[in-house]
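What the coordinates show
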Amino acid sequence: PYTAGGDLLRHIVPSLLDSLAAAPDAALGELLARSTVAVEAIAPELRPALPAGPRTLTNLAQGEERTRYYSVTRTRDLAHALSDLTNAWARRLGGSVTIAVLDLAEADATDVQLVATLHRRGRDLLNVTTFPGPPVERVPDGADLAQVYVDSDGTSTLPAARTAYDRLPDAERRVRHDARTAVLTHVPGAADGALLYHLERGTDPGRAVPALLDSLERTFAAGFYDAALDVARRGRTLTEPSTEEWIRFTQRAIGAATYLDRSEEAMAMIREARRAATDAATQMRCAYMSAMLYTRHLPPEQRDQDLALEWANTAIALADGHPEERRRGFFGAFMRNARALVELHRGDLVGSLALVDEAIGVADRSLTAKAHALHRTVLVNNRARILLGMGDLPGALTAFTEVIERDPDYEEPYFDRAGVHRALGDIDAAMADLDTAVSLAMAFPEAHYNRADILLEAGAEEAALRELDRTLDIDPDHVDALTNRAALRLGVGDLDGAAADIDHGLSLDPRSPHLWSARSLLEVARGDDEAACASLGRALAIDPAFVQALGNRAVIRYRQGRVEDAVRDLETAIAVEDCAALRVNRGVALQALRLPEAAVEDFTAALGMADTDVPEVLYLRGLARAAAGDERGAREDWAAHLRLLAEHGEVSEHLDELGAVVTADPLRAPVGQEPGL
């Protein structure tokens, strides 16, 4: 992992540190501090030279204390952090820096992702050039071609070098691999790549097993799950089933496959481990992993919450039977937390909360005050989320605050607590927590998205657009951010930008009714009502109760003269969500159908609702009353209309029309849809 990324960091970090030493720069210092975690993960030998950065309980936990692991998005975040550093370095060189990456077709997934990120985010600073194959090899005349192949760590593509290597006697080949191992022992970055390759092919392949185990723990803990799965598979081939080493390789392979959504492969290895092992600890872990697969990791159609519960109960029974009190307490708490997740997915929030509370109690009784600080914090965090799901906002706020006090450099509880503050109406506190989350994280697209959400509610559209830009800079495939940015771009007349966001969003999620609705607004702006109606039809085929789409289609149908169809759409929408705008529009449509009494009913209902433009609705109801023959009622409505406007220093735009039946088209225009706002 990070063969290219590590070399890049080893080149640019010393250069940036030299720049900082030569001329203090607060922004550069902050960037380096924020990048410490990324540098430590990719090129740990550089860590001592960097400023202090955030240290979470996840970073600090070692061995069995490590019970929380990174999601698969961590490599995306690392790539983003490395891209920030690379851009800063290139900017100091004046830009136009070329980075050439060779043999990309053979790269680990981490480097493939990094190169794509550098290319996308380099803008005018970087020219990222990639070559699928290796460089042209030039070998001096008379060179030992077999040694050329060994020294290339098996990457040489010279046919003559590979042929010479294959012709070596097996014993000599192994000796040469041993010699190369000695050379690579202290080379940065070799321990998870070339060194393992040579150890596996040396005179004693068994020497590779501890090195593979060390690499497996490093790559798994760092979130490099493709590399971890590769190393685990290789370790399994070098060890006998049921041995301690084989079990460790298998358990990590199961975990890595699960994180990579290779759940069927994970399940097959669980069954293999259950057949091979007779010890209670392995069977307990297999039961736990089976429960997790059945409750959330298998494809939705294969999940089975009853089976998940059976396996979770088995894991608890085995945990409670552990002979050592300390480990019995830890495993008991861990497995109860697992069952709490199953109960949550079964819809039993009360039962889930009881299990988490029980797990906290088991841990408190059985463990010393400082033992398993990470997992005990995870338990409190899970309790907070369950309380939030139960609607206990004060309880959730207290619990998330406790998590932050225990793990102050961990960004996620700030994000979660921001949601609670927002639900309680404390927007300032919510924004403060989101600001902290963003400052602690290498990249946190959801925090930027939620900041945009709050800013949109406050009417700060320019600031919201900047946050959505930042969200999509980190995660270009964030569908909700694409949808909301498209709506904002439509609002400022950037039709091409909106079209690009909508098209990209639909390529990711063609069943998003919000994106089809946004496309309809784009088509209305381009003057194509037929296409807009078709897009709204697509949205409603996906979600027949989508009020926004029903209301907007009614407007277009009314404009096309399909008034009865417009009324049907509005009736469906009102049955789902009765509101003033829908009532007003249906009133106008009913009046066009010469049903003024029904129109009066809708206008009267609208006047009793919030967010009603009272003067305008009074004017419209006056029209309907006049059409129904209620001239006195019409005059009363128009008088009230004029009086309300006068109180606010306004003049009615309908002065010339008052007292007559008007045939204008007052149906409102389509309104934008911004999901999640």
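Up top is the structure these notes are about.
Described below are features of the structure shown in this document. Since we're looking at a predicted model, the values are computed, not measured.

1. Some thoughts on the overall build of the protein
Secondary structure assignment for the protein yields 34 helices and two strands. A principal-axis box enclosing the C-alpha atoms of the protein has dimensions of 110 × 65 × 50 Å. Within the protein, contacts between residues separated by at least 24 positions form 59% of all contacts whose residues are at least 6 apart in sequence. Roughly 31100 Å² of accessible area belongs to the protein as shown, and the carbon and sulfur atoms make up 51% of that amount. Of the charged side chains in the protein, 72 are positive and 107 negative, and the gap between their average positions amounts to 4 Å.

2. Description of the environment of leucine 495
Inspection of the secondary structure puts leucine 495 in helix α26 (residues 495-508). Separated by 30 residues in sequence, leucine 495 and alanine 525 have C-alpha atoms that sit 8.0 Å apart. Residue contacts for leucine 495: discarding those within four places in its chain leaves Leu490, Leu522, Ala525 and Arg526.

3. Re the pattern of salt bridges
In this structure the tally under the stated criterion is 66 salt bridges. Salt-bridge contacts for glutamate 200 lead to arginine 234; the nearest nitrogen and oxygen are separated by 2.7 Å. Placement of the pair is glutamate 200 in helix α10 (residues 194-200) and arginine 234 in helix α12 (residues 225-238), with a sequence separation of 34 residues. You can call glutamate 200 buried: its relative accessible area is 16%. Here arginine 376 and aspartate 364 are joined by a salt bridge, their closest N and O atoms 3.0 Å apart. A residue pair is termed long-range when its members are at least 10 positions apart, and arginine 376 in helix α19 (residues 373-389) and aspartate 364 in helix α18 (residues 349-366) qualify at 12 residues. Residue classification places aspartate 364 among the partly exposed positions, given a relative accessible area of 47%.

4. What to know about the side chain of histidine 641
Here histidine 641 lies in helix α34 (residues 631-647). Judged by its relative accessible area of 2%, histidine 641 is buried. A distance of 2.7 Å separates polar atoms of two side chains, one belonging to histidine 641 and the other to serine 652. When neighbours within four sequence positions are excluded, histidine 641 is seen to be in contact with Pro615, Glu616, Leu618, Tyr619, Ser652 and His654.

5. What about the state of the cysteines?
All chains considered together, the criterion is met by zero disulfides. Just so you know, cysteine 533 is unpaired, no disulfide at all, and the nearest cysteine sulfur is the one on cysteine 579, 19 Å from it.

6. Quick look at helix α11 (residues 208-222)
In a regular helix each residue adds 1.5 Å, so 15 residues correspond to 21 Å; α11 covers 21 Å between its end C-alpha atoms and thus fits that length. Buried within α11 are the following residues: Ala208, Val209, Ala211, Leu212, Leu213, Ser215, Leu216, Thr219, Phe220 and Ala222. Its buried side turned inward, α11 meets α5 (74-92), α10, α12 and α13 (244-259). Remark: glycine 223 follows α11 within two positions and exhibits a positive phi of approximately 90°.

7. Quick look at the packing of aromatic side chains
A full pass over the atoms with the stated rule returns 10 aromatic pairs. Measuring from ring centre to ring centre gives 4.7 Å for tyrosine 149 and tyrosine 165, while their planes differ by 40°; the resulting arrangement is tilted. Here tyrosine 149 is found in helix α7 (residues 145-151), whereas its partner tyrosine 165 is found in helix α8 (residues 159-167), with 16 residues between them in sequence. A single burial state applies to tyrosine 149 and to tyrosine 165, both of which are buried. Ring centres 4.5 Å apart and planes at 20° place the aromatic pair tyrosine 225 and tyrosine 259 in the stacked group. Of this pair, tyrosine 225 sits in helix α12 while tyrosine 259 sits in helix α13, and the two are 34 residues apart along the sequence. The exposure class assigned to tyrosine 225 is buried, which follows from its relative accessible area of 2%.

8. Considerations on empty space enclosed by the protein
All chains considered together, the criterion is met by one cavity of 30 Å³ or more. Approximately 30 Å³ is the volume found for the largest cavity. Looking at the largest cavity, the residues that line it are Leu31, Arg34, Ser35, Ala81, Asp84 and Met442. Looking at the lining of the largest cavity, the elements that each hand over two or more residues are α2 (26-34) and α5. Taken together, the residues of the lining of the largest cavity sort by class into three nonpolar, one polar and two charged.

Cut-offs applied
Residues numbered from 1 in each chain as written. Predicted model: local features only at pLDDT ≥ 70, side-chain atom pairs only at ≥ 80, totals over all residues. Heavy atoms only, no water. Helix = DSSP H or I, 4+ residues; strand = E, 2+ residues; numbered from the N terminus. Contact = heavy atoms within 4.5 Å. Areas by Shrake-Rupley, 256 points an atom, 1.4 Å probe, with all protein chains shown as cover. Lys, Arg positive; Asp, Glu negative; His and termini not counted. Charge placed at Lys NZ, Arg CZ, Asp CG, Glu CD. Salt bridge = Lys/Arg side-chain N within 4 Å of Asp/Glu carboxyl O. Buried < 20%, exposed > 50% of the residue type's maximum accessible area, 1.4 Å probe, protein only. Polar contact = N/O pair within 3.5 Å; in protein donor to acceptor, adjacent residues only side chain to side chain. Disulfide = S-S within 2.5 Å. Expected span 1.5 Å × (residues − 1). Phe/Tyr/Trp six-rings, centres within 6.5 Å; stacked < 30°, edge-to-face > 60°. 1 Å grid on protein atoms, 1.4 Å probe; cavity = no way out; pocket = protein on both sides within 12 Å on 5 of 7 lines; lining within 4 Å. Points joined across faces, edges and corners; volume = space filled by probe spheres on them. Nonpolar A, V, L, I, M, F, W, Y, C, P; charged D, E, K, R; others polar.

Geometric descriptors of this kind do not, in isolation, establish any biological role.
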